[in-house]
Amino acid sequence: MSAAADLLQLRVAAKRAAAEGIVELTLEPLPGQALPAFAAGSHLDLHLPGGLMRPYSLSNDPAETHRYVLGVLRESASRGGSAAVHDALQVGQTLAVSPPRNHFALQPTPAHKLLLAGGIGVTPVLSMARQLAREGRPFHLRYAGRTRARMAFTDVLAAAPLAGSAQLHVADEHGPLDIGALLDAQPAGTELYACGPAGFMDAAFAAAAERQWAPARLHRELFGATPAAPAAGGDTAFDIEVEGTGQIVPVPVGCTAAKALQDAGLPLYTSCEQGVCGTCLTRVVGGTPDHRDQYLTPEEQAANDQFLPCCSRARSARLVIAL
């Protein structure tokens, strides 16, 4: 979670259509400022008009120090974030942005990399491909989409230095991608990096598991989460106590803990609102959370000393948190 003092003030330097329903956004620093470095697979949290904050992946080469380039899909079920990027952001506008964060890091091993992208999942994968090509490291990028018109950055993938290592798979032209056959064609020890819709990545990981690929070789980025099932008996109301203040915040059924805390005026940033990005990670000092996120590892969840209030609830009548 980035405090307000940590936020960058960046200028929207360019905005263009990258494909049907996708815009490419270029952000640059204000005069006299420098951009923090980023690693392939990183994302930024954009603070958008209307008080929204949403994460979007970087697509450019980490060697570039003068700009950040994002690809943003207009989501049909948008909760306001992608619509704000497409409709409200204008070239020349100044935007508050978090420093880059990375939950999808490219490993420095010499192993061959298979970069598997579905839809807008090409964005962080493209950053990886650019780095690998620059460093002369072996990789193959396979980009799957339903129609060619809705596939972004195809011009970049068709040009040097990526053309020899990148291949498109258009479902309307070639049918579904045979992920198993793609995995079978990779060199021994290949590492898989997958980004795209949850069903697409689940299929890739299932195919890898069938072929006994070690979990350490499998890496994924999640856009959205399938909420975990509630505890037996369904959701119940609970209270949150803020350590050291005596403040008690009720969390009724049908309201997330994050919303209850924000409505009470407490300083809590959220981003994905689905338990994926970790922006709202909050320390727990008392009580037992009901974990429903996909951010914490099973071991971290079992420790019960932190939770994601955007999606998780409580198994105890009260949680005590530290803000």
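Refer to the structure printed above.
Residues numbered from 1 in each chain as written. Predicted model: local features only at pLDDT ≥ 70, side-chain atom pairs only at ≥ 80, totals over all residues. Heavy atoms only, no water.

J.: Looking at this structure, how should I read the state of the cysteines?
T.: Simply put, disulfide is the name for a covalent bond between the sulfur atoms of two cysteines. Taken as a whole, this structure holds 0 disulfides when the rule is applied. Not part of a disulfide, Cys255 finds its nearest cysteine sulfur in Cys310, a span of 13 Å. A relative accessible area of 14% places Cys255 in the buried class. Cysteine Cys311 shares no disulfide, and the gap to the nearest cysteine sulfur, in Cys310, comes to 4.2 Å. (Disulfide = S-S within 2.5 Å. Buried < 20%, exposed > 50% of the residue type's maximum accessible area, 1.4 Å probe, protein only.)

J.: Which parts of the structure should I look at to understand the sheet that holds strand 14 (residues 248-251)?
T.: Backbone-to-backbone hydrogen bonds pair the strands of a sheet. The strands run either parallel or antiparallel. Taken in spatial order, the 5 strands of this open sheet run 14-13-19-15-17, and their pairing is mixed. Unpaired on one side and paired on the other, strand 14 and strand 17 (306-307) mark the two borders of the sheet. Alignment of strand 13 (residues 238-242) against strand 14, held across 4 bridges, turns out to be antiparallel. Note that in strand 14 the partner of Asp239 across the bridge is Pro250. (Pairing = 2+ DSSP bridges. Helix = DSSP H or I, 4+ residues; strand = E, 2+ residues; numbered from the N terminus.)

J.: Help me out: how do you make sense of the packing of aromatic side chains in this one?
T.: Scanning the entire structure with this criterion turns up 2 aromatic pairs. In this structure, Arg217 is placed above the aromatic ring of Trp213, and the distance from its NZ or CZ to the ring centre is 4.3 Å. The ring centre of Phe205 lies 4.1 Å from the NZ or CZ of Arg220, which sits over that ring. (Phe/Tyr/Trp six-rings, centres within 6.5 Å; stacked < 30°, edge-to-face > 60°. Lys NZ or Arg CZ within 6 Å of the ring centre and 35° of its normal.)

J.: Looking at this model, I keep getting lost on the pattern of salt bridges. Mind explaining?
T.: Between side chains of opposite charge, a pair can form as their charged atoms come close. Under the counting rule described, the total for this entry stands at 19 salt bridges. We note a salt bridge from Arg315 to Asp290, for which the minimum N-O separation is 3.3 Å. In this pair, Arg315 is assigned in the loop between strand 18 (313-314) and strand 19 (318-322) and Asp290 in strand 16 (residues 289-290), connecting sequence segments 25 residues apart. What makes Arg315 exposed here is its relative accessible area of 55%. (Salt bridge = Lys/Arg side-chain N within 4 Å of Asp/Glu carboxyl O.)

J.: Hey, could you run me through the pairing of strand 15 (residues 282-286) in this one?
T.: Along any regular strand, the residues point their side chains to alternate faces of the sheet. Where strand 15 and strand 17 come together, 2 bridges link them in antiparallel fashion. Bridged to Arg283 within strand 17 is Gln306. Pairing between strand 15 and strand 19: 3 bridges, direction antiparallel. Each bridged residue has a counterpart across the sheet, and for Gly286 the counterpart in strand 19 is Val320.

J.: Help me understand the sheet that holds strand 9 (residues 139-145), please; the structure alone is not making it clear to me.
T.: Strand order in this open sheet of 5 strands is 10-9-8-11-12, and the pairing throughout is parallel. Each edge of the sheet is formed by a strand with only one pairing partner; in this case those strands are strand 10 (166-170) and strand 12 (218-221). Averaged over neighbouring strand pairs, the angle between their axes works out to 15 degrees when direction is ignored. Pairing geometry for strand 8 (residues 113-118) and strand 9, over 6 bridges, is parallel. Bridge pairing links Leu115 to Leu141 in strand 9. Those strands touched by helix 2 (residues 122-135) are strand 8, strand 9 and strand 11 (191-195), and its axis lies near 155 degrees from that of strand 8. Strands in contact with helix 6 (residues 198-210) are strand 8, strand 9, strand 11 and strand 12; relative to strand 12, the strand with the most contacts, it is inclined by about 175 degrees. (Axes fitted to C-alpha atoms, helices over the stretch in contact; angles between N-to-C directions. Contact = heavy atoms within 4.5 Å.)

J.: Please explain unusual backbone geometry as it appears in this structure.
T.: Most peptide bonds are trans, and most residues other than glycine sit at a negative phi. With omega at 5 degrees, the peptide bond leading from Ala160 into Pro161 counts as cis. Tracing the sequence through the fold places Pro161 in the loop between helix 3 (154-157) and strand 10. Located in the positive-phi region is Gln212, a residue other than glycine, with phi close to 60 degrees. Take Gln212: it is sitting in the loop between helix 6 and strand 12.

J.: Which parts of the structure should I look at to understand helix 2?
T.: Counting along an α-helix, one turn takes 3.6 residues, and residues three or four places apart therefore face a common direction. The end-to-end C-alpha distance of helix 2, which contains 14 residues, comes to 20 Å, matching closely the 20 Å that a straight helix rising 1.5 Å per residue would cover. Among the 14 residues of helix 2, 10 are classified as buried, and the element is accordingly described as predominantly covered. Every buried residue of helix 2 is accounted for by Val122, Thr123, Pro124, Val125, Leu126, Ser127, Met128, Ala129, Gln131 and Leu132. For helix 2, the secondary structure elements touched by its buried residues are strand 4 (52-57), strand 5 (68-73), strand 8, strand 9, helix 3 and strand 11. (Expected span 1.5 Å × (residues − 1).)

J.: Would you explain the nonpolar core in this entry?
T.: Soluble globular proteins tend to bury their nonpolar side chains together. Judged by nonpolar contacts, the single largest core of 28 residues is most densely connected at Leu115, Leu141, Tyr143 and Leu157. For this core, the secondary-structure elements that each account for two or more residues are strand 1 (8-19), strand 8, helix 2, strand 9, strand 10 and strand 11. Among the elements that make up this core, the one with the highest residue count is helix 2 (6 residues). When neighbours within four sequence positions are excluded, Leu157 is seen to be in contact with Val122, Leu126, Leu141, Tyr143, Leu162, Ala163, Ala166 and Leu168. (Core = buried A, V, L, I, M, F, W, Y, C linked by side-chain atoms within 4.5 Å.)

J.: Hey, could you run me through the pairing of strand 19 in this one?
T.: Of all 5 residues that make up strand 19, 4 are buried, and the element is covered over most of its length. Pairing analysis gives 4 bridges linking strand 13 to strand 19, with the strands arranged parallel. The residue bridging Asp239 from the neighbouring strand is Arg318, located in strand 19.

J.: Is there a simple way to think about the side chain of Ser57 in this case?
T.: For Ser57, the location among the structural elements is in strand 4. Judged by its relative accessible area of 7%, Ser57 is buried. Residues within four places of Ser57 in sequence aside, it is in contact with Ser42, His43, Val69, Leu70, Gly71, Thr123, Pro124 and Glu221.

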